[in-house]
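Inside the fold
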Amino acid sequence: MRASACGLVGLKPTRGRISWGPLLGEAIDGFVCEHVVTRTVRDCAAVLDATAGPMPGDPYFPPPPVRPYLQELSTPPKRLRIAFSTANPLGGSNHPDCVEATIHAARLCAGLGHEVEEAAPQFSYQMLAQLFDTVYAAGVALSIDSTALLTGGDPKPEKFETFTWNLYQRGKQVSASQYLIAQALLQQAARQFAEFFESHDLYLTPTLGQPPLRIGAIDFMSPATMLLDETIANFAVACPVYNITGQPAISLPLYWNREGVPIGTMFGGRYGDEATLLQLAGQLEQAQLGVGRGGGAGRHEVPDRPEALGTKIGAQHFEGQQVELVGIDRVRVGRGGGHHRRWPAGGAADPQWRAARRHSAGYLNARAAALHRDSAAGGANRSGWLPGDPSASQ
């Protein structure tokens with residue numbers, strides 16, 4: 001959700017891809033995964049290489065990657081079968097900007113030669129939402145009570161937002177049988193969702209049902225605010241299903257509305273298949289920006305329409321003007337009606353070029369490569385197996 005609202009790349013890895021060890025096996029029944037939001041697909045893959053891998057005793061064991069994730073960006077995807085839907089499965093209506101962003105992404109995929117069709121998995125999202133609420137509330141109660149045990153404190157309502165305290169009270173009322181029933185039904189739904197990927201490689205939807213909400217749109221201090229409130233549910237509508245199933249998904253900033261606000265689109269994949277998501281994400285990033293990787297070949301001027309700008313890398317000030325870095329090769333200069341120009345072609349000798357390289361977090365790229373070199377030399381490889389991991393391939 002943060003990636004979509006901020007115009008960033010956000011990958012939710014497969015459940016178990018990044019270990020919770022050594023202290024925990026999972027968080028909230030496997031709903032929670034750890035990763036980062038990044039400015040480029042490359043940095044997303046580099047961080048995943050540096051952090052992914054099992055530890056002894058992990059309860060989940062996704063298939064290990066075939067190659068470093070960073071290499072997937074230079075591996076063209078096969079012709080993919082991509083299903084897309086712009087509908088709100090909870091019965092409400094997605095914002096027109098979110099619908100248009102998804103159609104824009106679908107057209108991009110079709111233009112790249114992929115097979116794109118409108119289709120969606122069939123199961124009750126309304127029931128799923130109620131079950132999610134049960135397990136999530138119990139998880140909030142676990143978090144608060146376990147923190148109280150560690151600190152010797154006593155949870156008090158004045159220490160929390162009312163929304164969080166309501167969830168805590170709800171979670172404490174969930175019985176063991178209610179929790180296990182919800183868990184079993186969610187597992188059934190996860191199987192139904194996974195079956196959809198027998199006939200489709202990826203599933204494309206809006207990341208969020210609405211553009212980024214204004215501060216104060218949700219009153220977290222109101223006693224009436226609950227997790228399943230219409231505003232919250234219709235905002236986060238498509239995201240929780242991947243927390244439930246454990247499958248990977250990635251939000252990409254391929255569209256900016258007329259107000260210049262980023263609208264993310266989300267691709268979901270099969271369990272353990274971050275590779276296909278990253279391959280397509282890299283292909284889309286390159287197609288959207290028109291930037292050739294590894295040099296100046298294929299560079300184009302940044303188009304005027306904000307929808308086509310793609311990932312904004314950040315902001316710097318050069319020659320007295322604010323400059324938005326777009327990709328690594330081009331910039332948008334000024335605000336509003338500002339003109340566009342190519343990134344300086346002087347290479348490493350140009351101080352502006354060097355600043356852009358630093359700003360792109362190239363350190364992460366180098367760090368991931370170094371970790372793989374260490375692995376080849378017999379050292380620890382944090383991007384895959386660790387010494388002593390069970391069932392480690394040799």
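Note: the structure precedes this text.
About the criteria used
- Residues numbered from 1 in each chain as written.
- Predicted model: local features only at pLDDT ≥ 70, side-chain atom pairs only at ≥ 80, totals over all residues.
- Heavy atoms only, no water.
- Buried < 20%, exposed > 50% of the residue type's maximum accessible area, 1.4 Å probe, protein only.
- Helix = DSSP H or I, 4+ residues; strand = E, 2+ residues; numbered from the N terminus.
- Pairing = 2+ DSSP bridges.
- Salt bridge = Lys/Arg side-chain N within 4 Å of Asp/Glu carboxyl O.

Structural notes on the pairing of strand β1 (residues 9-12)
- Covered by surrounding structure in β1 are Val9 and Leu11 together with Gly10 and Lys12, the residues of both alternating faces.
- Pairing of β1 with strand β2 (residues 37-38) involves two bridges; the strand directions are antiparallel. Looking at the pairing, Val9 lines up with Thr38 of β2.
- Relative to strand β6 (residues 249-256), β1 is paired through three bridges, and the arrangement is antiparallel. Bridge pairing in β6 links Leu11 to Ile250.

A word on the pattern of salt bridges
- Per the counting criterion, the structure on display carries eleven salt bridges.
- The partner of Asp43 in a salt bridge is Arg42, and the shortest N-O contact between them spans 3.0 Å. A single burial state applies to Asp43 and to Arg42, both of which are buried.
- Among the ionic pairs, Arg81 bridges to Asp201, the shortest N-O distance being 3.5 Å. In this pair, Arg81 is assigned in strand β3 (residues 81-84) and Asp201 in the loop between α7 (176-196) and β5 (202-206), connecting sequence segments 120 residues apart.
- The class of Asp201 is buried, set by a relative accessible area of 2%.
- In the salt-bridge network here, residues are joined through shared partners; they are Lys78, Arg81, Asp201 and Arg270.

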